[in-house]
Amino acid sequence: MSDGIKVSGVSKTFRTRTGVTHALQHIDLDTRQGEFVSLLGPSGCGKSTLLRIIADLETPTTGEVRIHGGPAHRARLEHRIGVAFQDPSLLPWRSVTDNVALPLELAGARVDSGAVADLIQLVGLEDFARAKPRTLSGGMRQRVALARALISSPELLLLDEPFGALDEMTRLEMNTELMRIWSERSTTTVLVTHSIPEAVFLSDRVVVMAARPGRIHQIVEIDLDRPRDASLLRKPEFHAYVDQLQDLIFAQRDTPAVAS
Ligand code: ADP
Ligand code: MG
């Protein structure tokens, strides 16, 4: 088993004028190279903070993150991480095409316009390739952000609720596409999602987190055959996982937070 992401003893404390937040407390997480892992949990349990730390966009208070055997910092500097967050943060003066190509330009790589066009088609925006972000809906902007995250064929893909603003049908379509891309490229992927079915459908393992302080509550292995397609959504073994995860998340509501 080659190393994917190795999170060791990571905690994160935010100190603000209003007080101290233990956003994450002692997180240990090991993934395999090419594994698809989802982070699931109540709002405020530190999912985004953990993802930002893995992306080297935030410094942990304690602990460290290694990616494919090296420091996260190096993976970021070498443009080996693709990120798409809930707020797509596109450059308003650039077209869809130029936004998707941006990571290649930043990495000083050749812009392969065919590859850019392919990804734009993949996310269903071929008719909007020359459009500016302000003319797109929220869901379309998120799809641009996903294409942008994929353009540099990253070794590690980090997605923070990238499908939050999409309607159910488009979401299912994007899930199926994401799974296809992932299985073709065997990209190590971490997805933050609120959707339990989405987590089950896509993941090898689902990390259930708990809040105050943010911590890992339980990790559930999703032992469903691949390749997976929409027909899986009708199978009892799929629903058994959805129920199990729902129980784990609802059970937390009655559990007092551990003292920090
Ligand atoms: P989630 O993504 O699971 O909803 P977050 O990682 O966004 O949770 O936040 C975890 C906790 O850390 C929350 O209590 C949040 O208010 C706090 N937090 C996150 N970012 C900051 C920040 N930059 N400054 C202060 N507190 C923060
Ligand atoms: Mg979040």
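Please read all numbers here as calculations on a predicted model, not as lab measurements.

K.L.:
Kindly report on the sheet that holds strand β5 (residues 70-71), identifying the contributing residues and their values.
P.N.:
One open sheet holds the four strands; their spatial order is β2-β1-β4-β5, and the pairing between them is antiparallel. Each edge of the open sheet carries a strand with a single partner, namely β2 (19-32) and β5. Taken together, the two bridges between strand β4 (residues 62-67) and β5 define a ladder with antiparallel strand orientation. Considered in β5, the bridge of Arg66 is made with Pro71. Packed onto the sheet, helix α1 (residues 47-54) meets β1 (3-16), β2 and β4 and runs at close to 120° relative to β1.

K.L.:
Could you give an account of the pattern of salt bridges, naming the residues involved and the relevant values?
P.N.:
Following the criterion strictly, the structure yields 12 salt bridges and no others. Here Glu58 and Arg52 are joined by a salt bridge, their closest N and O atoms 3.3 Å apart. The class for Glu58 is partly exposed, based on a relative accessible area of 21%. What makes Arg52 partly exposed here is its relative accessible area of 30%. In this structure, Glu177 and Arg180 form a salt bridge, with 3.1 Å as the shortest nitrogen-oxygen distance. In this pair, Glu177 and Arg180 are both assigned in helix α6 (residues 168-185), three residues apart and thus about one turn of the helix distant. Where salt bridges share partners, they join Arg32, Glu35 and Arg205 into one cluster.

K.L.:
So, the pairing of β4: which residues are in play, and what are the values?
P.N.:
As paired strands, β1 and β4 are joined by five bridges and run antiparallel to one another. Bridge pairing links Lys6 to Arg66 in β4. Connecting the antiparallel pair β4 and β5 is a turn made up of two residues, with His68 showing a positive phi of about 50°.

K.L.:
I'd like a rundown of the side chain of Asp160, residues and numbers included.
P.N.:
Inspection of the secondary structure puts Asp160 in strand β7 (residues 156-160). Although Asp160 is buried, it makes no salt bridge; Lys47 carries the closest opposite charge, 7.1 Å away. Looking at Asp160, its side chain comes within polar contact range of the side chain of Ser48, at 2.6 Å. When near neighbours in sequence (up to four residues on either side) are disregarded, Asp160 contacts Ser48, Leu51, Ala84, Phe85, Gln86 and Val192.

K.L.:
Explain unusual backbone geometry to me, and be specific about the residues and the numbers.
P.N.:
A cis amide bond, omega -5°, links Arg212 with the succeeding residue Pro213. Looking at where Pro213 falls in the secondary structure, it is placed in the loop between β9 (205-210) and β10 (215-221). Cis rather than trans, the peptide bond between Arg226 and Pro227 has omega equal to -5°. We note that His26 has phi near 40°; this positive angle belongs to a residue other than glycine. The backbone of Ser153 shows a phi angle near 45°, a positive value even though the residue is not glycine. Overall, the relative accessible area of 48% leaves Ser153 in the partly exposed class.

What counts and how
Residues numbered from 1 in each chain as written. Chains lettered and ligands numbered in written order. Predicted model: local features only at pLDDT ≥ 70, side-chain atom pairs only at ≥ 80, totals over all residues. Heavy atoms only, no water. Pairing = 2+ DSSP bridges. Helix = DSSP H or I, 4+ residues; strand = E, 2+ residues; numbered from the N terminus. Contact = heavy atoms within 4.5 Å. Axes fitted to C-alpha atoms, helices over the stretch in contact; angles between N-to-C directions. Salt bridge = Lys/Arg side-chain N within 4 Å of Asp/Glu carboxyl O. Buried < 20%, exposed > 50% of the residue type's maximum accessible area, 1.4 Å probe, protein only. Lys, Arg positive; Asp, Glu negative; His and termini not counted. Polar contact = N/O pair within 3.5 Å; in protein donor to acceptor, adjacent residues only side chain to side chain.

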